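For reference, the chains in residue letters:
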Amino acid sequence: MEYRRKISIRTLLALVLEKWRIILLAGLLLGGALGFRKASILWPETKPQQEAEVQPEISDTESVAEPVEEEKAESISAYEQELKLINEQITAMQDYMLHSVLANVNFSDEDQAAADIYVDVTNARLAADTAAADGAAVSASNESIEQTANALLKVLYRFASVGVDWTELTEETGLNASLLKESVWASGLDQVSYTFTITARGRSAEEAEKIVNTVVSQLKELDWSDTADPSLYTVAVRGFNTYKAVDSSNFSWHRNRINELNNLLSAKDTYQTAINKNRSNTAVVKATTNKQKKVMSRKTVLKSCLKHTAAGFVVGAGGVMFLYALFLMLSGRVLSAQEFNSTYRLRKLAVLPSEKKNKGIDRLVSRIDSGAAAAGSIPVCLKIACENIANEAGKERKILLTGDLPAASLQQLAAALSEQDRRGMHIETASDLNGDPEALRKLEEADCVMLAAGIRKSLYSENDEIISTVNAYRKKILGSIVVR
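What this report covers is the structure whose coordinates are included nearby. None of the values given here were measured: they were computed from a predicted structure. (Residues numbered from 1 in each chain as written. Predicted model: local features only at pLDDT ≥ 70, side-chain atom pairs only at ≥ 80, totals over all residues. Heavy atoms only, no water.)

Turning to the sheet that holds strand S2 (residues 110–120), a few remarks are in order. What the four strands build is an open sheet, ordered S3-S4-S2-S5; its pairing is antiparallel. The sheet terminates laterally at strand S3 (184–190) and strand S5 (234–245), the two strands that pair on one side only. Across the sheet, the axes of successive neighbouring strands diverge by a mean angle of 20 degrees, strand direction being ignored. Of the strand pairs in this sheet, S2 and strand S4 (residues 195–202) are connected by eight bridges, and their pairing is antiparallel. (Pairing = 2+ DSSP bridges. Helix = DSSP H or I, 4+ residues; strand = E, 2+ residues; numbered from the N terminus. Axes fitted to C-alpha atoms, helices over the stretch in contact; angles between N-to-C directions.)

Here's what the structure looks like:
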């Protein structure tokens with residue numbers, strides 16, 4: 001089962017601003033560096049305000065002629081790098097269009113070949129019927145057969161999509177592996193009839209047939225013994241045929257590639273024009289520099305340095321905030337209790353606050369996230385958790401506390417809950433449901449389960465597996481306790 005994770009912008013902002021010291025330091029460092037660099041360039045050529053005013057005929061453009069010349073040279077170098085990259089992209093695009101199967105077939109009369117792949121479970125059903133003692137056992141066996149057949153079907157489907165070895169066909173057709181891979185696709189995965197379809201296009205009917213045959217032959221030779229018993233489950237092919245087809249998607253593909261190539265050619269002309277223009281302007285700046293001597297007041301230089309410092313501070317602080325926010329979003333970690341519970345549709349049993357007391361700016365930042373600000377003291381939260389657990393569990397008293405937190409943390413949390421419990425609940429802990437047989441035994445014996453997660457400590461990938469295991473044992477999940 002797939003879970004959709006919803007990240008709260010408010011929570012993300014609060015977590016980012018918790019690093020305000022690093023953000024401030026990054027802004028000050030980059031701002032100071034840019035301001036110092038600007039000052040080191042302009043300050044040696046400055047004069048006091050009174051001396052600068054004696055020469056009013058010198059314009060601002062002339063006074064910064066040398067920095068402008070450097071900027072022009074940097075612009076020309078950047079444009080030349082971009083132009084080189086565009087030329088490489090044009091060459092690669094032209095080579096691709098010359099050899100690609102997609103670019104060399106008639107989309108209105110396209111040669112295609114297709115084969116239906118079928119997982120045959122006849123032997124498995126016969127074996128189940130023979131071994132069954134009664135109707136209930138037969139039903140369980142049939143369910144197991146369906147699960148195994150679907151697992152094998154997904155293995156075959158994925159192999160057909162990304163696992164085929166094209167080495168032999170590459171030598172025969174002259175097409176590289178990436179060009180062959182884009183010519184074939186798997187579709188129509190049906191977990192009821194255990195089938196899917198492999199379709200390929202080719203520059204001829206024979207080439208399309210060879211591509212499909214390559215995939216089919218490797219599927220038959222694939223070792224899936226770790227997924228299913230080859231003597232009970234077999235791979236069969238039915239409905240193999242070649243035909244002519246009108247491929248409207250290929251028409252759109254041709255149009256898009258032509259537009260991309262035209263855009264590259266247009267960008268090439270634009271950059272070449274910019275290079276020529278900047279070279280012309282650089283010559284004018286050099287001539288002006290030779291005629292005039294740069295004179296700037298110290299007040300003007302100070303203003304320029306302050307502007308660069310402010311710009312550097314904004315870029316430095318903003319850059320660190322963006323990168324840290326990106327890290328939080330991509331890390332796959334639990335960012336808040338509300339996000340964790342909404343992702344898995346769990347009841348909130350309690351949210352335990354951090355033992356650290358925030359002061360000053362840290363306290364103001366913590367108030368941005370309404371969920372964090374609403375948390376009470378730890379004893380109060382534990383009492384609330386006990387009441388919610390008792391209400392959800394009902395008469396069931398043997399409860400398993402699990403999650404991806406360390407075993408010591410789970411045991412400490414279970415002990416704290418037991419201290420506050422007044423209804424005789426028995427809480428056990430299991431920290432590794434996916435790798436510890438003893439944890440699975442506890443899960444089997446438990447009446448119900450509750451999850452424990454830590455903010456910025458727990459991983460969604462780990463909790464996905466934990467919840468999948470709990471669901472496989474058909475145990476009721478009471479809800480979650482999230483630790484800050």
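Read across the sheet, five strands follow the order S7-S11-S10-S8-S9 without closing on themselves; strand pairing throughout is parallel. Sheet topology places strand S7 (348–352) and strand S9 (426–430) at the edges, where each strand pairs with a single neighbour. Across the sheet, the mean angle separating the axes of adjacent strands is 25 degrees when strand polarity is ignored. Pairing of S7 with strand S11 (residues 476–483), which is carried by four bridges, proceeds in the parallel orientation. Counterpart to Lys348 in the pairing with S11 is Ser480.

Quick look at helix H13 (residues 337–344) now. Most of H13 sits out of view: six of its eight residues are buried. For H13, the secondary structure elements touched by its buried residues are S7, strand S10 (448–454), helix H19 (460–472) and S11. Trailing H13 by a residue or two, Arg345 shows a phi angle of about 55 degrees, which is positive. (Buried < 20%, exposed > 50% of the residue type's maximum accessible area, 1.4 Å probe, protein only. Contact = heavy atoms within 4.5 Å.)

A few words on the packing of aromatic side chains. Counted under the stated rule, the structure contains six aromatic pairs. Geometrically, the ring pair formed by Phe340 and Tyr344 is edge-to-face, given 5.3 Å between the ring centres and 70 degrees between the ring planes. With Phe340 and Tyr344 both in helix H13, this residue pair falls four residues apart, about one helical turn. Pairing Phe340 with Tyr460 gives two aromatic rings, centres 6.4 Å apart and planes at 40 degrees, and the pair type is tilted. Pair noted here: Phe340 is in helix H13 and Tyr460 is in helix H19, with a separation of 120 residues, a long-range link. Grouping residues by exposure puts Phe340 and Tyr460 together as buried. (Phe/Tyr/Trp six-rings, centres within 6.5 Å; stacked < 30°, edge-to-face > 60°.)

Within the fold, Thr300 resides in helix H12 (residues 298–330). Sequence separation between Thr300 and Leu42 is 258 residues; the distance between their C-alpha atoms is 9.7 Å.

Now for the packing of helix H1 (residues 9–17) against H12. Packing of H1 against H12 brings their axes to within 10 Å, and their N-to-C directions diverge by 120 degrees. When the axes of H1 and H12 are compared, the pair comes out oblique. Viewed along their axes, H1 and H12 form a crossing whose handedness is right-handed. From H1, Leu12, Leu15, Val16 and Leu17 reach across to H12, where they touch Met321, Tyr324, Ala325, Leu328 and Met329. Its residues assigned to classes, the contact of H1 with H12 shows nine nonpolar, no polar and no charged. (Parallel < 35°, antiparallel > 145°, perpendicular 65-115°, else oblique. Left-handed = near helix turned anticlockwise from the far one by under 90°. Nonpolar A, V, L, I, M, F, W, Y, C, P; charged D, E, K, R; others polar.)

Counting buried positions over the eight residues of S4 gives seven, a clear majority of the element. For S3 and S4, the ladder comprises five bridges, and the chain directions are antiparallel. Paired with Ser187 across the bridge in S4 is Thr197. The antiparallel hairpin formed by S3 and S4 contains four residues in its connecting segment, where Tyr194 sits at a positive phi of about 60 degrees.

A few words on a negative patch on the surface. A contiguous patch of negative charge on the surface is contributed by Asp432, Asp436, Glu462, Asp464 and Glu465. With respect to the element layout, Glu465 can be found in helix H19. Taking the relative accessible area as the measure of exposure, Glu465 reaches 43% and is therefore partly exposed. (Patch = residues over 30% accessible without salt bridge, like charges linked within 9 Å, V, L, I, M, F, W, Y side chains within 5 Å. Areas by Shrake-Rupley, 256 points an atom, 1.4 Å probe, with all protein chains shown as cover. Salt bridge = Lys/Arg side-chain N within 4 Å of Asp/Glu carboxyl O. Lys, Arg positive; Asp, Glu negative; His and termini not counted. Charge placed at Lys NZ, Arg CZ, Asp CG, Glu CD.)

A separate point is unusual backbone geometry. Positive phi values are uncommon outside glycine, yet Arg345 reaches one of about 55 degrees. For Arg345, the position within the fold is in the loop between H13 and S7. Residue Arg345 is classed as exposed on the basis of its relative accessible area of 73%. The phi angle at Arg456 is positive, at roughly 60 degrees, despite the residue not being glycine.

On to the pattern of salt bridges. Applying the stated criterion across every chain yields a total of nine salt bridges. Notably, a salt bridge pairs Arg441 with Glu445, separated by 2.8 Å at the nearest N-O pair. With Arg441 and Glu445 both in helix H18 (residues 437–445) and four residues apart, the pair spans about one turn of that helix. Residue class for Arg441 comes out partly exposed when judged on its relative accessible area of 34%.

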